[in-house]
Amino acid sequence: MTQRLRDFGLSCGIMQPGLLNAITDVPGVKLGHCTLREGDTLTGFTALLPHDGNLFRRKLRAAVEIINGFGKSAGLMQLAELGQIETPLLLCNTLAVGTGFDALVARALAANPDIGRETGTVNPVVLECNDGYLSDIRARALTQEHAFAALDAVASGPVAEGAVGAGTGMSAFGFKGGIGTASRRFDLDAASCTLGVLALANFGNAGDLVLPDGRRPVPPEGRPQSERGSVILVIATDVPLESRQLHRVARRGGAGLARLGAFWGNGSGDIAVAFSTADPIDHDQPNDLVALRALNESRIDTLFRAATEATQEAVLNAMITAPATTGRDGHHRPSLGDWLRANAG
């Protein structure tokens, strides 16, 4: 069984995790991967489905926080302007953004014959990190079929972490990075609520990582270098939030990254997207005025703390579950999980 952060007696913060300690603890959220390992190509797609319905017709309130904007993601401008998402989210490497965009457009057109005719076009959201240290990113090996495979693999329940999907070739703090997740549960008005985070970790300088107990792991051959990585955070909750509140929650992903020792360097693309599964927005809404539920602003600190703690833990889960990996041109990244096992006690 793959070990995660809590298996080493470590935890982040004071709040309780959800049942799976994963973004799929948020009801309706599903995750899928397509992993490609062929010679010097270590890459893939990860797909996140916020709900089972037609997302174009039943959009979700959302927001994006550009912590540091060195990146090539797609769809963020309209997401920020309208405060909505209307497709699944795809994560991939930098040079596959266009491929992911095409795949999401194809799926949306197939499900909605009126797109581009009786109604507007569609805004796919694709997020990226550069896996070129371990993978031959110039090969541009990812195809629409790989994106479709990730979308078709989405499922609820436990999440595969580490060197899978979009995380296959990623690095973090000089160790192997990848896909990680965590969640927090809490009560509002006596109702059980959940916030979950999915992290694509590909950032941080060797030697900068700080564990929850204060230790600072340094990988073999670790040395200071320019920060040229990236990290993508997807934050999901079932709490009803307006898009402005979601933007505030997304911003707290940066607090979780800072707890890890990151400083959001000049060449780092650090982006957080947050959405609420509560109260979908009807694309075909006939009324001029619609009702809107939202969190009492004086209670939002609970979600701020949840986003911070779950972000910190999701990144560490990504690094711990990822095995030591040798990739393109013999480039190697050790595993944080191996470091913890060697330094237990």
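Just so you know, the residues in each chain are numbered from 1, in the order the chain's sequence is written. Given that this is a predicted model, residues contribute local features only at a pLDDT of at least 70 and side-chain atom pairs are listed and counted only at 80 or more, while totals for whole chains, interfaces and linings are drawn from all residues. By convention in this description, side-chain values take in all heavy atoms of the structure and omit both hydrogens and water.

With respect to the state of the cysteines
Disulfides are defined in this document as cysteine sulfur pairs within 2.5 Å. Scanning the model with the defined rule gives zero disulfides in all. As a non-bridged cysteine, Cys 129 has Cys 92 as the owner of its nearest cysteine sulfur, 9.2 Å distant. Categorising residues by exposure relies on relative accessible area from a 1.4 Å probe, with only protein chains included: less than 20% of the type maximum marks a residue as buried, more than 50% marks it as exposed, and the intermediate range marks it as partly exposed. Judged by relative accessible area, Cys 129 falls into the buried class, the value being 0%.

With respect to the packing of aromatic side chains
For Phe, Tyr and Trp, rings pair up if their centres lie within 6.5 Å, where Trp contributes its six-membered ring, and each pair is then called stacked (planes under 30 degrees apart), edge-to-face (over 60) or tilted (otherwise). Summed over the entire model, instances satisfying the criterion amount to one aromatic pair. For the pair Phe 173 and Phe 203, a centre-to-centre distance of 5.1 Å together with 65° between the ring planes defines the contact as edge-to-face. Residue Phe 173 is found in the loop between strand E7 (171-172) and strand E8 (175-176), and its partner Phe 203 is found in the loop between strand E10 (191-202) and strand E11 (230-237); the two are separated by 30 residues along the sequence. The ring of Phe 304 has Arg 252 sitting right over it, with the charged end atom 3.7 Å from the ring centre. Two limits define a charge over a ring: the Lys NZ or Arg CZ must be within 6 Å of the ring centre, and within 35 degrees of the ring normal. It is Arg 333 that lies over the ring of Tyr 133; its NZ or CZ is 4.0 Å from the centre. Runs of H or I in DSSP of at least four residues are treated as helices and runs of E of at least two as strands, each being numbered from the N terminus.

Digging into helix H4 (residues 243-251)
All of the buried residues in H4 are Gln 245, Leu 246, Val 249 and Ala 250. Projected down its long axis, H4 carries its buried residues within an arc of 145°, all on one side. In the core, the buried residues of H4 are packed alongside strand E3 (58-69), E10, E11, helix H5 (253-259), strand E12 (269-276) and helix H6 (301-321). To be clear, the arc concerns the directions from the helix axis to the C-beta atoms. Residue contacts are defined here by distance: any two heavy atoms, one from each residue, within 4.5 Å place the two residues in contact.

Observations regarding the pattern of salt bridges
Pairing of side chains with opposite charge becomes possible as their charged atoms draw close. Basic side-chain nitrogens of Lys or Arg form a salt bridge, by our definition, when they fall within 4 Å of a carboxyl oxygen of Asp or Glu. On inspection of all chains with the given rule, the structure shows 18 salt bridges. Where Asp 152 meets Arg 107, a salt bridge forms, and the shortest distance between an N and an O atom there is 3.1 Å. With Asp 152 in helix H3 (residues 144-152) and Arg 107 in helix H2 (residues 97-111), this residue pair connects regions lying 45 residues apart in the sequence. A relative accessible area of 56% means that Asp 152 is categorised as exposed. In this structure, Asp 329 and Arg 328 form a salt bridge, with 2.7 Å as the shortest nitrogen-oxygen distance. Through salt bridges with shared partners, a single ionic network connects Arg 6, Arg 184, Arg 305, Glu 309 and Glu 313.

Comments concerning the sheet that holds strand E1 (residues 30-38)
Strand pairing follows a simple DSSP-based rule, namely that at least 2 bridges must link the two strands. Across the sheet, four strands lie side by side as E1-E2-E5-E6; this open sheet has mixed pairing. Edge positions in the sheet fall to E1 and strand E6 (125-129), since each of these pairs with one other strand and no more. Strand after strand, the sheet turns through a mean of 15° between neighbouring axes, direction not considered. The sheet contact formed by strand E2 (residues 41-49) and strand E5 (residues 89-93) spans three bridges and is antiparallel. Within E5, the residue paired with Leu 48 across the bridge is Leu 89. Along the sheet, H2 makes contact with E2, E5 and E6, crossing E6 at roughly 160°. Each axis is a line fitted through C-alpha atoms, taken for helices only over the stretch in contact, and angles between the N-to-C directions span 0 to 180 degrees. Docked against the sheet, H3 engages E1, E2 and E5, running at close to 140° with respect to E1.

Quick look at H6
Multiplying one less than the number of residues by 1.5 Å gives the expected span of a helix. Across its 21 residues, H6 extends 30 Å between first and last C-alpha, which sits within 8% of the 30 Å expected from 1.5 Å per residue. Most of H6 is tucked away, with 18 of its 21 residues classed as buried.

Overview of the packing of H2 against H3
For the pair H2 and H3, interaxial distance at closest approach is 9 Å and the crossing angle is 60°. Here H2 is positioned oblique relative to H3, judged by the angle of their axes. By crossing handedness, the relation of H2 to H3 is classed as right-handed. Contact residues: Thr 99, Asp 102, Ala 103, Leu 104, Ala 106 and Arg 107 in H2; Gln 144, Ala 147, Phe 148, Leu 151 and Asp 152 in H3. Considered class by class, the residues forming the contact of H2 with H3 number six nonpolar, two polar and three charged. Angular relationships are summarised with four words: roughly parallel below 35 degrees, roughly antiparallel beyond 145, roughly perpendicular across 65 to 115, and oblique for the angles in between. What makes a crossing left-handed is the near helix being turned counterclockwise from the far one by less than a right angle; a clockwise turn instead makes it right-handed. Each residue receives one of three labels: charged for Asp, Glu, Lys and Arg, nonpolar for Ala, Val, Leu, Ile, Met, Phe, Trp, Tyr, Cys and Pro, and polar for the others, Gly being one of them.

Details of the side chain of Glu 309
One can find Glu 309 in helix H6. Relative accessible area serves as the criterion here: at 0%, Glu 309 is assigned to the buried category. Once residues lying within four places of it in the same chain are set aside, the contact partners of Glu 309 are Cys 12, Gly 13, Ile 14, Met 15, Arg 184 and Arg 259.

What about the environment of Phe 148?
Along the chain, the position of Phe 148 falls in helix H3. Take Phe 148: its relative accessible area is 19%, and that puts it in the buried class. For the pair Phe 148 and Phe 45, spaced 103 residues apart in sequence, the C-alpha separation works out to 9.0 Å. For Phe 148, the contacting residues outside a window of four places in its chain are Ala 103, Ala 106 and Arg 107.

Fair warning: the whole summary comes from geometry, so function is off the table for now.
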